[in-house]
Amino acid sequence: MLIQTAQRRNRKRLGARFGLCYLDAMSRLQIHQIPVLSDNYVYLAHCAETGETAVVDPAVAAPVLQEAERLGWRITHILNTHHHGDHVGGNLEIKQATGCRIIGPSYDTARIPGIDLEVREGDRVALGKAEAEVFFVPGHTRGHIAYWFADSDALFCGDTLFALGCGRLFEGTPAQMWDSLQKLRRLPASARVYCAHEYTQSNARFALSIEGDHEKLRARAADIDARRARKEPTVPSLLGEEVETNPFLRADDPALAQALGLSNADPVEVFAEVRARKDSF
Ligand code: ZN
Ligand code: FE
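In this text the structure is predicted, and so the values were computed from the model without any measurement.

Rules used in this analysis
- Residues numbered from 1 in each chain as written.
- Chains lettered and ligands numbered in written order.
- Predicted model: local features only at pLDDT ≥ 70, side-chain atom pairs only at ≥ 80, totals over all residues.
- Heavy atoms only, no water.
- Helix = DSSP H or I, 4+ residues; strand = E, 2+ residues; numbered from the N terminus.
- Rg over C-alpha atoms; globule rule 2.2 N^0.38 Å.
- Buried < 20%, exposed > 50% of the residue type's maximum accessible area, 1.4 Å probe, protein only.
- Contact = heavy atoms within 4.5 Å.
- Areas by Shrake-Rupley, 256 points an atom, 1.4 Å probe, with all protein chains shown as cover.
- Pairing = 2+ DSSP bridges.
- Donors = N, O, S within 2.8 Å, 3.2 Å for Na, K, Ca; no water.
- Tetrahedral: all angles 85-135°; square planar, octahedral: opposite > 155°, others 65-115°.

> Let's hear about the overall build of the protein: which residues, and what values?
Broken down by element type, the protein carries 10 helices and 15 strands. Over its C-alpha atoms the protein spans a radius of gyration of 19 Å, differing by no more than 12% from the 19 Å that the globule rule assigns to 281 residues. If you line up the protein on its principal axes, its C-alpha atoms span 55 × 40 × 35 Å. Across the 281 residues that make up the protein, the buried fraction comes to 52%. Residue pairs in contact within the protein that sit at least 24 positions apart in sequence constitute 60% of those at least 6 positions apart. Accessible surface for the protein amounts to roughly 12,000 Å². Of this, 48% is attributable to carbon and sulfur atoms.

> Run through the pairing of strand β3 (residues 40–46), naming residues and quoting values.
Buried residues dominate β3, accounting for 7 of its 7 residues. Taking every second residue as pointing to the same face, both faces of β3 are buried, with Asn40, Val42, Leu44 and His46 on one and Tyr41, Tyr43 and Ala45 on the other. Two elements, strand β2 (residues 30–36) and β3, share 7 bridges in a ladder whose sense is antiparallel. Considered in β3, the bridge of Pro35 is made with Tyr41. Turn length for the β2-β3 hairpin, with the two strands adjacent in sequence and antiparallel, is 3 residues, and the turn residue Leu37 shows positive phi of about 50°. Note that β3 and strand β4 (residues 53–56) share 4 bridges and pair antiparallel. Looking at β4, one finds that Leu44 is bridged to Val55.

> I'd like a rundown of the coordination of the zinc ion (ligand 1), residues and numbers included.
For the zinc ion (ligand 1), the protein coordination sphere consists of His82 (NE2), His84 (ND1), His140 (NE2) and Asp159 (OD), at 2.2 to 2.3 Å. Considering all 4 donor atoms around the zinc ion (ligand 1), the spread of angles at the metal, 84 to 171°, places the coordination shape in the irregular class. Within one chain, the residues serving as donors to the zinc ion (ligand 1) are arranged as H-x1-H-x55-H-x18-D. Between the zinc ion (ligand 1) and the iron ion (ligand 2), a spacing of 3.2 Å is present, and a bridge between the two is formed by Asp159. Residue His140 is located in the loop between β9 (130–136) and β10 (145–149), and its partner Asp159 is located in the loop between β11 (154–158) and β12 (161–162); the two are separated by 19 residues in the primary sequence. An identical accessibility class is assigned to His140 and Asp159; each is buried.

Pasting the structure below:
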């Protein structure tokens, strides 16, 4: 496990510094999704070359340990996005069982049980031969972070961005959350959005309540209904489809503002209105 700070980003220098193969020859992570509790997803991210395996946001311990055992993956790290119990509840038991290191937001260390390594905006986290960039994405909580594994096209965004939704603003303002979502929106359209909850079907109903005649949204909602009818997950989604259909990523889209009766309003105002309507939907 290597943690590099933003100042050490240059890949050639990293290769020289650590005497490793160049990091731009990084491998893709294998990612395994574990549904737990009523609607949480916990992820195992595995580097096949080195065997290192991270658990992302372990809500609970037992099913995670069991799945890792079944796959033959040795848990070496926990990556936490934020402090909520349904994201850190399994931290201490998994650490005790595996001796893994716990990585979490430097902005919130007092609320991350068992944290060993604090990371912040721009830090790089290596998992075997794979590497994540850390984004500070406050809004749902004041210390929320996301992990972006560019070479695996994998974004672990906790409760910041959901398929067709976003997290509730428990500790942040609409302006903060809109900033955070814009950071994530800049990632490639091919990014897979590994969010922490299966909320997609109700998010789709809400989105349609605002823009019932949005063709791409209607098609996506129909596909989501079909998948849920087959009891399949709708997560991960692709960032490209979120950019086109997720109202929370489109607060600066004039069509959405108009649908809300807020033509020419500031995107923060539009975002706040969408969030407020969802809170009482
Ligand atoms: Zn949460
Ligand atoms: Fe959550």
